Amino acid sequence: MTDLAPPRGVEVCYHPSVRRAAEVAEALGRQAAERGLDVRVDALPEGDGAFLGELSATDLLVCVGGDGTVLHASAYAAQTGTPIFGVRMGRLGFLTETVEEQAAADFARVLDGEGRVERRAMVQARLDGDGDGGTLHALNDIVIGRATLGRTIAVHAHIDGVMLAEYRADALVIATATGSTGYALSVGGPIMHPTSEEMILVPVAPHLTRANALVLPSGTDLRLSVERGFEGVMSVDGIHHRSVGSGAVVQITRSPRSVDFVRLGGANDFYHNLARRLGWLRLDHVIDEAQGPEAEG
């Protein structure tokens, strides 16, 4: 983690179909412009389309929307090393740092150089035979699943050359620490601190196969081969999708890329936010604890 330097240029992007996102983005753009900063405000394109041509020239990328917006923008920020400051417009979000009501005040702190930069590891996937041009990078997860409803997919998993298992399941999820609170969590995977560099491997609805999730070291070479007679689909961060034919092999390793996020709180705020967003703490208990014993009676 490193300290944040006051930015000289700011790119503000927003999800065009999220209510009030454009309005909030424009307001934040004006706030930065009033300080004499170079500012651009753009709608974030969806799908695999090209992103903002001048992203590499900015010091800060502000994303207004939700985790999906941040995920989409992170694919490009990872290539330039541009830190992301996320503003949540929706109900739930683990990647964003602030909400609409606090956006202006928190953004002012960021412009003053407050906060820290938190680095998140990524993973990469490559279909054998595709070459380096076929490498895809994920901040959240890579999912290899069945191509059609009504049947499972069969996948052999090798870790560093050692045969681990033959999975017959709806899918396999390979998640980063960032993705551990997403799809992987919903299918029984563990939660890791977001700065961890390990990977998680967890099957989805396995049939006559152990459902144990595995945490793999960051240097692991994971190879997943689709058994002949089965067809699959690979989804990378829910954005990029590739067909995985019968007999194909997908190599998954730690990506050389990473994504930097602007954080205003301490490193341990992750646990507080996790408990609050997942509903692990009763509100009345938190209030009583904060007020102390003198509040009783």
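Each remark here, short or long, concerns the structure printed above.
Residues numbered from 1 in each chain as written. Predicted model: local features only at pLDDT ≥ 70, side-chain atom pairs only at ≥ 80, totals over all residues. Heavy atoms only, no water.

Asks: Explain helix α3 (residues 103-111) residue by residue, including any values.
Replies: Those residues of α3 that sit buried are A103, D106, F107, A108, V110 and L111. G113 lies just past α3 and shows a positive phi near 90°. (Buried < 20%, exposed > 50% of the residue type's maximum accessible area, 1.4 Å probe, protein only. Helix = DSSP H or I, 4+ residues; strand = E, 2+ residues; numbered from the N terminus.)

Asks: How would you summarise the packing of aromatic side chains if you had to cite specific residues and measurements?
Replies: Each aromatic ring pair is characterised by the separation of its centres together with the angle its planes make. Enumeration according to the criterion identifies two aromatic pairs in this entry. Taking the centre distance of 6.2 Å and the plane angle of 20° together, the rings of F85 and F107 count as stacked. Here the residue F85 occupies a position in strand β5 (residues 84-88), and F107 occupies one in helix α3, the gap between them amounting to 22 residues. Each member of the pair, F85 together with F107, is buried. (Phe/Tyr/Trp six-rings, centres within 6.5 Å; stacked < 30°, edge-to-face > 60°.)

Asks: Run through helix α2 (residues 67-80), naming residues and quoting values.
Replies: Counted at 1.5 Å a residue, the expected span for α2 with its 14 residues is 20 Å, and the 20 Å between its end C-alpha atoms agrees. Where α2 bends most, at S74, the angle is about 40°. Considered for burial, the residues of α2 that qualify are T69, V70, L71, H72, A73, S74, Y76, A77 and A78. Lining the buried residues of α2 we find β2 (9-14), β4 (60-65), β5, β7 (116-127) and β18 (249-263). G81 sits one or two residues past α2 and shows a positive phi near 75°. (Expected span 1.5 Å × (residues − 1). Bend = angle between axes of the 7 residues up to and from the residue. Contact = heavy atoms within 4.5 Å.)

Asks: How would you explain the sheet that holds strand β12 (residues 171-175) if you had to name every residue and give the values?
Replies: Here we have six strands laid out as an open sheet, ordered β14-β13-β12-β9-β16-β17, and antiparallel in their pairing. The strands lining the two open edges of the sheet, one partner per strand, are β14 (214-216) and β17 (240-244). Each neighbouring strand pair of the sheet contributes to a mean axis angle of 20°, computed without reference to strand direction. Relative to strand β16 (residues 232-236), strand β9 (residues 141-146) runs antiparallel, the two sharing five bridges. (Pairing = 2+ DSSP bridges. Axes fitted to C-alpha atoms, helices over the stretch in contact; angles between N-to-C directions.)

Asks: Any chance you could break down unusual backbone geometry for me, citing the residues and the numbers?
Replies: Phi angles above zero are rare outside glycine, and D160 is one such case at about 50°. Relative to the helices and strands, D160 resides in the loop between β10 (153-159) and β11 (162-169).

Asks: Which residues make up the environment of V236, and what values do they have?
Replies: For V236, the position within the fold is in strand β16. The spatial distance from the C-alpha of V236 to the C-alpha of A138 is 5.8 Å, given a sequence separation of 98 residues. With sequence-adjacent residues up to four places away left out, V236 is seen in contact with L136, H137, A138, D141 and I142.

Asks: If you had to explain the nonpolar core to someone new, which residues and values would you point to?
Replies: One recurring pattern in soluble globular proteins: nonpolar side chains tend to sit buried together. Core analysis: the largest hydrophobic core is formed by 29 residues, its most contacted members being I142, I174, L224, M234, V250 and I252. If one sorts the elements of this core by residue count, β10 sits on top with five residues. Residue contacts for I252: discarding those within four places in its chain leaves V123, Q124, A125, I142, I174, M199, T220, D221, L222 and L224. (Core = buried A, V, L, I, M, F, W, Y, C linked by side-chain atoms within 4.5 Å.)

Asks: Can you tell me about the pattern of salt bridges, naming the residues and giving the values?
Replies: In the structure shown here, the tally under the stated rule is 19 salt bridges. R109 serves as the salt-bridge partner of D106, at 3.9 Å between the closest nitrogen and oxygen. Of this pair, D106 and R109 both sit in helix α3, separated by three residues, roughly a single helical turn. With relative accessibility at 30%, the residue R109 sits in the partly exposed group. (Salt bridge = Lys/Arg side-chain N within 4 Å of Asp/Glu carboxyl O.)

Asks: Tell me what's going on with the side chain of T135, and back it up with residues and numbers.
Replies: In this structure, T135 sits in the loop between β7 and β8 (136-138). Excluding anything up to four places from it in sequence, T135 contacts Q124, A125 and R126.

Asks: Describe the packing of helix α1 (residues 21-33) against α3, and please don't skip the residues or the numbers.
Replies: Where α1 contacts α3, the two axes come as close as 11 Å, and the packing angle between them is 35°. Along this stretch, α1 crosses α3, giving a crossing that reads as right-handed. Two secondary-structure elements touch here, α1 through L28, Q31 and A32 and α3 through A103, A104, F107, A108 and L111. Grouping the amino acids of the contact of α1 with α3 by side-chain chemistry returns seven nonpolar, one polar and no charged. (Left-handed = near helix turned anticlockwise from the far one by under 90°. Nonpolar A, V, L, I, M, F, W, Y, C, P; charged D, E, K, R; others polar.)

Asks: Requested: an account of the environment of A211, with residues and values cited.
Replies: Secondary-structure assignment places A211 in the loop between β13 (199-204) and β14. With 42 residues separating them in the primary sequence, A211 and A169 have C-alpha atoms 9.4 Å apart. Beyond its immediate stretch of four places on either side in the chain, A211 contacts P203 and P206.

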